[in-house]
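# Per-entry structural report
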Amino acid sequence: VSGSSDKTSKLWDTRKKDAVMTFRDSQADISSVDFMAGANAFISGSEDGVTRLYDLRTYKTMASYIADTAVTSLGFSKTGRYFFAGYDDEVARVWSTLDTGETQDTSCQQLSGHSNRVSCLGVEPEEGKALCTGDWGTGQSAKLVIWST
């Protein structure tokens, strides 16, 4: 799966080297995407603060998660029950994939600890018990934060 500045996300067939589906419901550039491990779903996050959860069996949007600032990075929890998102407002958020429809950021957990935009994140791959977020700080102001999940 890929995201683009043309406001689309694409699902690719790597054998044919061609897109098999293009998702066009974003209103802004797509800045991050991630697959849900072991499931037929992925998320895409965009510069308008909207993250969409897609079902790859139906090629439809299952849910939208809305924040007031640009999405910079995304990652699923090991179980897929949650996903993590980094944002321009120096905050990472924890969203539930069980929430459907449109969900505002008042209903998610917010992880504050950065003094610059959260530019990257990663979930510990073996057990999924830790999340690491990094920001765009420079020199001594750059920060990585490890969160217990």
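Please refer to the structure placed before this passage.
### Section: the nonpolar core
- Counting residues in each nonpolar core, the largest one holds 15 residues, and the members touching the most others are L53, F83 and W95.
- Sorting the residues of this core by element identifies strand 5 (41–46), strand 7 (60–66), strand 8 (71–76) and strand 9 (82–87) as the ones contributing at least two each.
- Among all residues touching L53, those that are not within four sequence positions of it are M36, A41, F42, I43, K60, T61, M62, A63, Y65, F76 and T97.
- Formed by eight residues, the second largest nonpolar core is a distinct cluster that contains A92, L131, V145 and W147.

### Focus: the packing of aromatic side chains
- In this structure the tally under the stated criterion is nine aromatic pairs.
- Relative to Y59, the ring of F23 has its centre 6.3 Å away and its plane inclined at 50°; by these criteria the two rings are tilted. Taken as a pair, F23 in strand 3 (residues 18–23) and Y59 in the loop between strand 6 (50–55) and strand 7 lie far apart in primary sequence, 36 residues in all.
- Taking the relative accessible area as the measure of exposure, Y59 reaches 37% and is therefore partly exposed.
- Three or more aromatic residues joined by ring pairs form one cluster here, namely F23, F35, F42, Y54 and Y59.
- Lying across the ring of Y87, R93 places its NZ or CZ 4.4 Å from the centre.
- Just above the ring of W136 sits the side chain of R117; from NZ or CZ to the centre is 4.3 Å.

Procedures and definitions
- Residues numbered from 1 in each chain as written.
- Predicted model: local features only at pLDDT ≥ 70, side-chain atom pairs only at ≥ 80, totals over all residues.
- Heavy atoms only, no water.
- Core = buried A, V, L, I, M, F, W, Y, C linked by side-chain atoms within 4.5 Å.
- Buried < 20%, exposed > 50% of the residue type's maximum accessible area, 1.4 Å probe, protein only.
- Helix = DSSP H or I, 4+ residues; strand = E, 2+ residues; numbered from the N terminus.
- Contact = heavy atoms within 4.5 Å.
- Phe/Tyr/Trp six-rings, centres within 6.5 Å; stacked < 30°, edge-to-face > 60°.
- Lys NZ or Arg CZ within 6 Å of the ring centre and 35° of its normal.

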